[in-house]
Amino acid sequence: MKKTREETKKKSNSGSEKSKSSFFTDERIRFVGGILVTGFAIYLLIAFIAFLFYWKPDQSQITKELLDAGSQAKNWSGKLGARLSDLIIRNGFGLGSFFIPLIIGSIGLHMLKFPKIRVWRLIAIFTFATILVSLILGYISGARHLFLGSGLGGAQGFEATKWLNTLIGKPGTGIALLFFSTVYLVYALNVSPSALQIRIPEFLKKKEVDNITSAEEETENPVGTESGEEHE
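Notes on the structure in this doc start here. (Residues numbered from 1 in each chain as written. Predicted model: local features only at pLDDT ≥ 70, side-chain atom pairs only at ≥ 80, totals over all residues. Heavy atoms only, no water.)

Section: unusual backbone geometry
For clarity, the cut-off: By the criteria applied, helices consist of DSSP H or I runs no shorter than four residues and strands consist of E runs no shorter than two, each listed in order from the N terminus.
The backbone phi angle of Lys 113 is positive, close to 60°, even though this residue is not glycine. Of note, Lys 113 is situated in the loop between α5 (100-111) and α6 (119-141). Phi at Lys 116 is positive, roughly 60°, even though this residue is not glycine. One can find Lys 116 in the loop between α5 and α6.

What follows is the structure, encoded as structure tokens:
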């Protein structure tokens, strides 16, 4: 009796494990989920674009009930899109939030098995870009909370740069952001260090060459006029 009970338990456990694994590995579920995630990324991107134009008039609609059919938002994605945009852009990462639909879209395309989609690398690149762009724009806009309600870098970018300014000062924050931007360009986007070097314009190079040649001629004939006078 004990053996039969143990065998039935093992069979039930193995059956449940197989059902779970088949649920996550089923091609149909993966395909439908990929379409859903990719569609949500497109929806969110449209809402973000519309938020740039209608963020101010939609502020009154955000505070109202979401299911209230009497009030309408000007955002192309409706009241839900206006609320999500306000939450992610104004209270979040500002213009850096535009990388968030790219993160979601890369996950959806990976689920749809699109070729050459390195999902973890794309997630890391877009996530770092979201934070970095928010910090840079928050540092530039500063306390001028005009556009998008909380500045170009959003509330997170403003508060983070404000804290950094009190910690290491504005020059230190600028140097830190420049350093992290360079690291991002070199390691994440594979930009060669030679492309980041400061190049001297061609006309300045010609002036430098002319100055060098004239200086060499003067050093070769330092007493040319005196020898001519002595010869006379």
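Digging into the pattern of salt bridges
As a reminder of what qualifies: When a carboxyl oxygen of Asp or Glu lies within 4 Å of a side-chain nitrogen of Lys or Arg, that pair is called a salt bridge. Per-residue accessibility, obtained with a 1.4 Å probe over protein chains only, is compared with the maximum for each type, and a residue is labelled buried under 20%, exposed over 50%, and partly exposed between these values.
Within this structure, the stated rule accounts for two salt bridges. We note a salt bridge from Glu 27 to Lys 113, for which the minimum N-O separation is 2.9 Å. Of this pair, Glu 27 sits in helix α2 (residues 27-54) while Lys 113 sits in the loop between α5 and α6, placing them 86 residues apart in sequence. By relative accessible area, Lys 113 is classed as exposed at 52%.

Details of the packing of aromatic side chains
We apply this condition: Centres within 6.5 Å make a pair out of two Phe, Tyr or Trp rings, where for Trp the six-membered ring is used; the pair is then stacked when the planes are under 30 degrees apart, edge-to-face when over 60, and tilted otherwise.
A full pass over the atoms with the stated rule returns eight aromatic pairs. For the ring pair Phe 48 and Phe 98, a centre distance of 5.7 Å and an interplane angle of 70° mean the geometry is edge-to-face. With Phe 48 in helix α2 and Phe 98 in the loop between α4 (78-93) and α5, the pair connects residues that are 50 residues apart, well separated along the chain. By the burial criterion, Phe 48 is buried, and Phe 98 matches it. Consider the rings of Phe 179 and Phe 180, whose centres lie 5.4 Å apart with planes at 65°: the pair is edge-to-face.

Some details on α2
Keep this limit in mind: Helix span, expected: 1.5 Å multiplied by one less than the number of residues in the helix.
Here α2 is 28 residues long and its end C-alpha atoms lie 40 Å apart, about the 40 Å a rise of 1.5 Å per residue gives. Every buried residue belonging to α2 is among Gly 33, Gly 34, Thr 38, Ala 41, Leu 44, Ala 47, Phe 48, Ala 50 and Phe 51, and all of these are buried.

A short note on α6
To keep it simple, the criterion reads: Only heavy atoms matter for contacts: two residues are in contact if any of them lie within 4.5 Å across the pair.
With 23 residues, α6 extends 32 Å between its outermost C-alpha atoms, agreeing within 8% with the 33 Å of an ideal straight helix rising 1.5 Å per residue. Within α6, the full set of buried residues consists of Val 119, Ile 123, Ile 125, Phe 126, Ala 129, Thr 130, Leu 132, Ser 134, Leu 135, Leu 137, Gly 138 and Ser 141. Those residues of α6 hidden inside the fold are in contact with α4, α5 and α7 (154-188). Positioned one or two residues after α6, Gly 142 has a phi angle of 65°, which is positive.

What about the nonpolar core?
Here is the rule we go by: By convention a nonpolar core is built from buried Ala, Val, Leu, Ile, Met, Phe, Trp, Tyr and Cys residues, the set being connected through side-chain atoms within 4.5 Å.
Counting 11 residues, the largest nonpolar core consists of Ala 41, Leu 44, Phe 48, Phe 51, Trp 55, Ile 88, Ile 89, Phe 98, Ile 100, Ile 104 and Leu 148. When contributions to this core are tallied by element, the ones reaching two or more residues are α2, α4 and α5. With four residues, the top contributor of residues to this core is α2. Leaving out residues up to four positions away in the same chain, Phe 48 has contacts with Leu 84, Ser 85, Ile 88, Ile 89, Ser 97, Phe 98 and Pro 101. If you look at the next biggest cluster of nonpolar residues, it comprises nine residues, including Val 119, Ile 125, Phe 126 and Ala 129.

Observations concerning a nonpolar patch on the surface
Note the cut-off: Like-charged residues are merged into a patch within 9 Å and nonpolar side chains (Val, Leu, Ile, Met, Phe, Trp, Tyr) within 5 Å, provided each residue has over 30% relative accessible area and no salt bridge. The Shrake-Rupley method, run with a 1.4 Å probe, gives the accessible areas here. Residue values count only the displayed protein chains as cover.
A cluster of nonpolar side chains, contributed by Ile 42, Leu 45, Ile 46, Ile 49, Phe 53 and Trp 76, occupies part of the molecular surface with about 580 Å² of accessible area. Structurally, the position occupied by Phe 53 is in helix α2. Classification of Phe 53 by relative accessible area gives exposed; the value is 56%.

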